[in-house]
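Next come the chains, spelled out residue by residue.
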Protein chains: 2
Amino acid sequence: MGARRNPASAEAILAAAEAVLQEQGYSGFSIEAVARRARAGKPTIYRWWPSKAALLIEVYQRQKRDIVYADTGDIEKDLFLFAQSLFDQWRNTPAGTIFRSLVAEAQFDETAAEALADYAHGRRAHTGKLVERAKTRGEVADDVDPSQVADLVSSYAWVHLLTGRLDEDADKLRTAIRAIVRGIKA
Amino acid sequence: MGARRNPASAEAILAAAEAVLQEQGYSGFSIEAVARRARAGKPTIYRWWPSKAALLIEVYQRQKRDIVYADTGDIEKDLFLFAQSLFDQWRNTPAGTIFRSLVAEAQFDETAAEALADYAHGRRAHTGKLVERAKTRGEVADDVDPSQVADLVSSYAWVHLLTGRLDEDADKLRTAIRAIVRGIKA
């Protein structure tokens, strides 16, 4: 993540970024507004976050820290707990609105598009670890690509967020996860 | 779709909307610009399309008319042909960019959000018919919700579009569809 940060200043900038987002929404969110709020210089912010999108992604991740990566020994349960916690975080914290803004920005802005693509790639690898473990214990077929399973689950979640369907019944989510898991079993 | 249309005028308005989008991009797209280009009155356009988003969706559907809804007797093949044709259309026609714009707009604008949600709901029902047929012939389990299967497939496609991954290998798409189908088999 670029140059070495001063933890206290970085924390102040992230807190300012959260406050700007909360008070002025995404349309009022800019490096300039965050710098003003944090009483920091724009060059400092740009040294640590190469773009507005990069800063937004870190704010987003701070909001979303309670995502569940369980290890129950049952891949269906692990993936359901992951997806359910993602729905919950998007529904109950500003994370959902922040992520919607980020996806929207990425459709028009090349820098945001790259930042989002990198972030999503990293998350698929991370969530894929649940599936890798299940492969190791022989629960999932050898030829399954863990990051593709993560892609199926998270794409389903993203589109629910983007089309305003986070309130869908938990049983429906359970059924979707069950179908995916049934399709990759050893 | 609102009041009865005069086919020639409606056609001229849709053609003008396509031209405005192509020449000025989404940022230059407005009912006003389309009216000017089509030499039509704004009230006429609003009578036939209640919002900019509604007009955009119809332009999008015109671009995307070659989506394949096959009936090969094999649900895996039918869903793969559907998804592959969607990737192709998004990649090779302006449809991809138009749809990205629409999804972005829906994250900030309530009217666009409703139009997109309605559209997506209709598409899930339509694509779900492939799965319904497969249920009827006993290929897919009785308790499967066809529109949820359509949701899994199209969410995977949407997120590929939104994160710039339409160039992914066709074999990867085939593997994703295979997993979904294996998970819903009778």
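For every chain, the first residue of its written sequence is number 1, and the numbers climb from 1 along that sequence. All chains are assigned letters beginning with A, and all ligands numbers beginning with 1, in the order in which they are written. Per-residue local features of the predicted model are confined to residues with pLDDT of at least 70, and side-chain atom pairs are confined, for both listing and counting, to 80 or more; whole-chain, interface and lining totals are unaffected and use all residues. To get the side-chain values, all heavy atoms of the structure are used, and hydrogens and water are removed first.

Going by an unreviewed UniProt entry, chain A carries the name TetR/AcrR family transcriptional regulator and comes from Mesorhizobium retamae.

S.K.: Describe the interface of chain A and chain B, listing the residues and the values that go with them.
M.R.: What makes two residues a contact is simply this: any of their non-hydrogen atoms within 4.5 Å. At the junction of the two partners, chain A supplies 33 residues and chain B supplies 32 residues. With both sides pooled, the region where chain A packs onto chain B buries about 3000 Å², and carbon together with sulfur makes up 58% of that total. For salt bridges, the criterion is a side-chain nitrogen of Lys or Arg within 4 Å of an Asp or Glu carboxyl oxygen. Across the chain A-chain B interface, the total number found is four salt bridges. One salt bridge connects Arg 165 of chain A with Asp 151 of chain B, and the closest N-O pair in it is separated by 2.9 Å. Distance and chemistry together define a polar contact, namely a pair of N or O atoms within 3.5 Å, with one atom able to donate a hydrogen and the other to accept it when in protein, and with adjacent residues in sequence counting only for side-chain atoms on both sides. The tally of links from chain A across to chain B stands at 18 residue pairs in polar contact (both at pLDDT 80 or more). Segments assigned H or I by DSSP are reported as helices when at least four residues long, segments assigned E as strands when at least two residues long, and all are numbered from the N terminus. Secondary structure elements with two or more residues in the side of chain A that touches chain B: α6 (95-106), α7 (110-136), α8 (146-162) and α9 (170-184) of chain A. If you tally residues by element for the side of chain A that touches chain B, the top one is α8 of chain A, at nine residues. Classes in brief: Ala, Val, Leu, Ile, Met, Phe, Trp, Tyr, Cys and Pro nonpolar; Asp, Glu, Lys and Arg charged; the others, Gly included, polar. Taken together, the residues of the side of chain A that touches chain B sort by class into 17 nonpolar, eight polar and eight charged. Throughout, the accessible surface (probe 1.4 Å) given up by two parts as they are put together, summed over both, is called the buried area.

S.K.: How would you sum up the UniProt feature "DNA-binding region" (unreviewed entry) in chain A? Please name residues and give values.
M.R.: As annotated in UniProt, the feature "DNA-binding region" (unreviewed entry) corresponds to residues 30-49 of chain A in the numbering used here. Here residues 30-49 of chain A is 75% helix and 0% strand, with 12 Å between the C-alpha atoms at its ends. UniProt positions are given in the numbering used here, feature names are shortened, and annotations may be inferred rather than shown by experiment.

S.K.: Would you mind going over helix α2 (residues 31-38) of chain A in detail, with residue names and values included?
M.R.: Residue and element names in this part refer to chain A. Each residue's exposure class comes from its accessible area (1.4 Å probe, protein chains only) as a fraction of the maximum for that residue type: buried when under 20%, exposed when over 50%, partly exposed otherwise. Turning to α2, its buried residues number three or more, namely Ile 31, Ala 33, Val 34, Ala 35 and Ala 38. Buried residues in α2 make contact with α1 (7-24), α3 (42-48) and α4 (52-63). One or two residues past the end of α2 sits Arg 39, with phi positive at roughly 50°.

S.K.: Describe the relation of the copies chain A and chain B, with residues and values.
M.R.: Superposition of the two copies of the chain requires a rotation about an axis together with a shift along that axis. Note on the identical chains: chain A maps onto chain B by a rotation of 180° and an axial translation of 0.0 Å, with an RMSD of 0.0 Å. When the rotation and shift are considered jointly, the pair of chain copies conforms to a two-fold rotation axis. Looking at the interface residues of chain A, 97% of them are also at the interface in chain B, so both copies use one shared face. Copy-to-copy superposition: least squares on the C-alpha atoms, limited to residues that have pLDDT of at least 70 in both copies.

S.K.: Outline the UniProt feature "domain: HTH tetR-type" (unreviewed entry) in chain A, supporting the account with residue identities and numerical values.
M.R.: In the numbering adopted here, UniProt assigns the feature "domain: HTH tetR-type" (unreviewed entry) to residues 7-67 of chain A. Secondary structure within residues 7-67 of chain A divides into 74% helix and 0% strand; the distance between the first and last C-alpha atoms comes to 24 Å.

S.K.: Can you tell me about the domain arrangement of chain A, naming the residues and giving the values?
M.R.: Assigned domains within chain A: domain 1 (7-49) and domain 2 (65-184). Bear in mind that the domain bounds are from an automatic or database domain assignment. Just the C-alpha atoms count here: the centres of domain 1 of chain A and domain 2 of chain A sit 28 Å apart.

S.K.: Lay out the pattern of salt bridges in plain terms, naming residues and giving numbers.
M.R.: All names here are of chain B. As enumerated under the stated definition, the model contains 31 salt bridges over all chains in all. For the salt bridge of Arg 91 with Asp 88, the shortest nitrogen-to-oxygen distance reads 2.4 Å. Of this pair, Arg 91 and Asp 88 are both found in helix α5 (residues 75-92), three residues apart, which corresponds to roughly one turn of the helix. Overall, the relative accessible area of 29% leaves Asp 88 in the partly exposed class. A salt bridge links Glu 168 to Arg 165; the nearest nitrogen and oxygen atoms lie 3.8 Å apart. Among the residues examined, Arg 165 registers a relative accessible area of 13% and is labelled buried. Bridged by salt links that share partners, the residues Asp 71, Asp 78, Arg 133, Arg 137, Glu 139 and Lys 185 form one connected network.

S.K.: Quick one: what's the story with unusual backbone geometry, residue by residue and with numbers?
M.R.: The phi dihedral of Arg 39 of chain A is positive, around 50°, even though this residue is not glycine. Residue placement: Arg 39 of chain A occurs in the loop between α2 and α3.

S.K.: So what about the packing of aromatic side chains? Which residues, and what values?
M.R.: Between rings of Phe, Tyr and Trp, where Trp is taken as its six-membered ring, a pair exists when centres lie within 6.5 Å; planes separated by under 30 degrees are stacked, by over 60 edge-to-face, and by other angles tilted. As enumerated under the stated definition, the model contains 18 aromatic pairs over all chains in all. Between Tyr 60 of chain B and Tyr 119 of chain B, the ring centres sit 5.9 Å apart and the planes meet at 75°, which makes this aromatic pair edge-to-face. You can see Tyr 60 of chain B sitting in helix α4 (residues 52-63) and its partner Tyr 119 of chain B sitting in helix α7 (residues 110-136), a full 59 residues away along the chain. Owing to a relative accessible area of 1%, Tyr 60 of chain B belongs among the buried residues under this scheme. Through successive ring pairs, a cluster of aromatic residues spans Tyr 60, Trp 90, Phe 99, Tyr 119 and Trp 158 of chain A. Two limits define a charge over a ring: the Lys NZ or Arg CZ must be within 6 Å of the ring centre, and within 35 degrees of the ring normal. Positioned above the aromatic ring of Phe 80 of chain A, the side-chain terminus of Arg 174 of chain A is 4.1 Å from the ring centre.

S.K.: Tell me about the nonpolar core, and please be specific about residues and values.
M.R.: Only buried residues count toward a nonpolar core, which is a set of Ala, Val, Leu, Ile, Met, Phe, Trp, Tyr and Cys residues joined through side-chain atoms within 4.5 Å. If you look at the biggest cluster of nonpolar residues, it comprises 136 residues, and the most contacted ones within it are Leu 55, Trp 90 and Phe 99 of chain A together with Leu 55, Trp 90 and Phe 99 of chain B. For Phe 99 of chain A, the residues in contact, after removing those within four places along its chain, are Tyr 60, Trp 90, Leu 116, Tyr 119, Trp 158 and Leu 161 of chain A.

S.K.: Please provide a residue-by-residue account of helix α1 (residues 7-24) of chain B, values included.
M.R.: Residue and element names in this part refer to chain B. Counted at 1.5 Å a residue, the expected span for α1 with its 18 residues is 26 Å, and the 25 Å between its end C-alpha atoms agrees. Restricting attention to buried positions, one finds in α1 the residues Ala 10, Ile 13, Leu 14, Ala 16, Ala 17, Glu 18, Ala 19, Val 20 and Leu 21. On the buried face of α1, the contacting elements are α2 (31-38), α3 (42-48), α4 and α6 (95-106). The opening residue of α1 is Asn 6, an N-cap whose side-chain oxygen sits 3.0 Å from the backbone nitrogen of Ala 8. Gly 25 sits one or two residues past α1 and shows a positive phi near 70°. Each helix should span, by expectation, one fewer than its residue count multiplied by 1.5 Å.

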